[in-house]
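Residue-level listing of the chains:
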Amino acid sequence: MGKQSLIRTKSGNKVQSISEAKIDNYLFESGYHPIYEPTIEMEDWEFKPDWVILPQKSLDKPLIIEYWGLLRKENRAKWVIDRLPHYLARKEIKENIYESDERYHFLGIYPEQLDDLDVVLGKFLNNGVTSLKL
């Protein structure tokens, strides 16, 4: 990771924010072993998704999870506003490539979904759902 990670989660990962810690802790408490910011290659691109969960339990292939934290609607810092055009362009590229790669499942999580992780992640992880587009 390029930046200093600040928050250690229950899984032992060091994440960038309280929101990411909440997701990482949810995954770990649900019995999954999240890998934080691994480097993966897809279509000649190199990515560092927020998490990859390798096949386990109901997952038949790795699950890529991205938390779109800069898309929160309130209390945006100026640096966030300035960075949004690049962030949104990169998000679109990532989503298109992640969703088209049949070797992976993909799930994007938005800030407003943090209080509903049982719905957002629970359905996907615990019920063997093989695709979930939110």
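Residues numbered from 1 in each chain as written. Predicted model: local features only at pLDDT ≥ 70, side-chain atom pairs only at ≥ 80, totals over all residues. Heavy atoms only, no water.

**Notes on the packing of aromatic side chains**
In step 1: This structure, assessed with the given rule, holds 5 aromatic pairs.
In step 2: Their ring planes at 5° and their centres at 6.0 Å tell us that tryptophan 45 and phenylalanine 47 sit as a pair that is stacked.
In step 3: Tryptophan 45 gets classed as partly exposed once you look at its relative accessible area, which sits at 35%.
In step 4: A centroid spacing of 5.3 Å and a plane angle of 65° characterise the contact between phenylalanine 47 and tyrosine 98, whose relative ring orientation is edge-to-face. Here the residue phenylalanine 47 occupies a position in strand 5 (residues 45-47), and tyrosine 98 occupies one in helix 2 (residues 78-100), the gap between them amounting to 51 residues. (Phe/Tyr/Trp six-rings, centres within 6.5 Å; stacked < 30°, edge-to-face > 60°. Buried < 20%, exposed > 50% of the residue type's maximum accessible area, 1.4 Å probe, protein only. Helix = DSSP H or I, 4+ residues; strand = E, 2+ residues; numbered from the N terminus.)

**Describing helix 2**
In step 1: Between its terminal C-alpha atoms helix 2 stretches 33 Å, which fits the 33 Å expected from 23 residues at 1.5 Å a residue.
In step 2: When we look at burial in helix 2, the residues that qualify are Val80, Leu84, Tyr87, Lys91, Lys94, Glu95, Ile97 and Tyr98.
In step 3: Looking at the buried side of helix 2, the elements it contacts are strand 4 (40-42), strand 5, strand 7 (63-67) and strand 8 (105-109). (Expected span 1.5 Å × (residues − 1). Contact = heavy atoms within 4.5 Å.)

**A short note on helix 3 (residues 117-126)**
Given 3.6 residues to a turn, an α-helix orients residues that are three or four positions apart in the same direction.
In step 1: Within helix 3 the residues assigned to the buried category are Leu117, Val120, Leu121, Gly122, Phe124 and Leu125.
In step 2: Looking at the buried side of helix 3, the elements it contacts are helix 1 (18-29), strand 7 and strand 8.

**Considerations on the packing of helix 1 against helix 3**
Helix-helix packing is characterised by the crossing angle of the two axes and by the distance between the axes.
In step 1: The interhelical angle for the contact between helix 1 and helix 3, taken along N-to-C directions, is 35°, at an axis separation of 11 Å. Helix 3 is crossed by helix 1, and the crossing has right-handed handedness. Contacts between helix 1 and helix 3 pair Lys22, Ile23, Tyr26 and Leu27 from the former with Leu117, Asp118, Leu121, Gly122, Leu125 and Asn126 from the latter.
In step 2: Across the contact of helix 1 with helix 3, the residue classes break down as 6 nonpolar, 2 polar and 2 charged. (Axes fitted to C-alpha atoms, helices over the stretch in contact; angles between N-to-C directions. Left-handed = near helix turned anticlockwise from the far one by under 90°. Nonpolar A, V, L, I, M, F, W, Y, C, P; charged D, E, K, R; others polar.)

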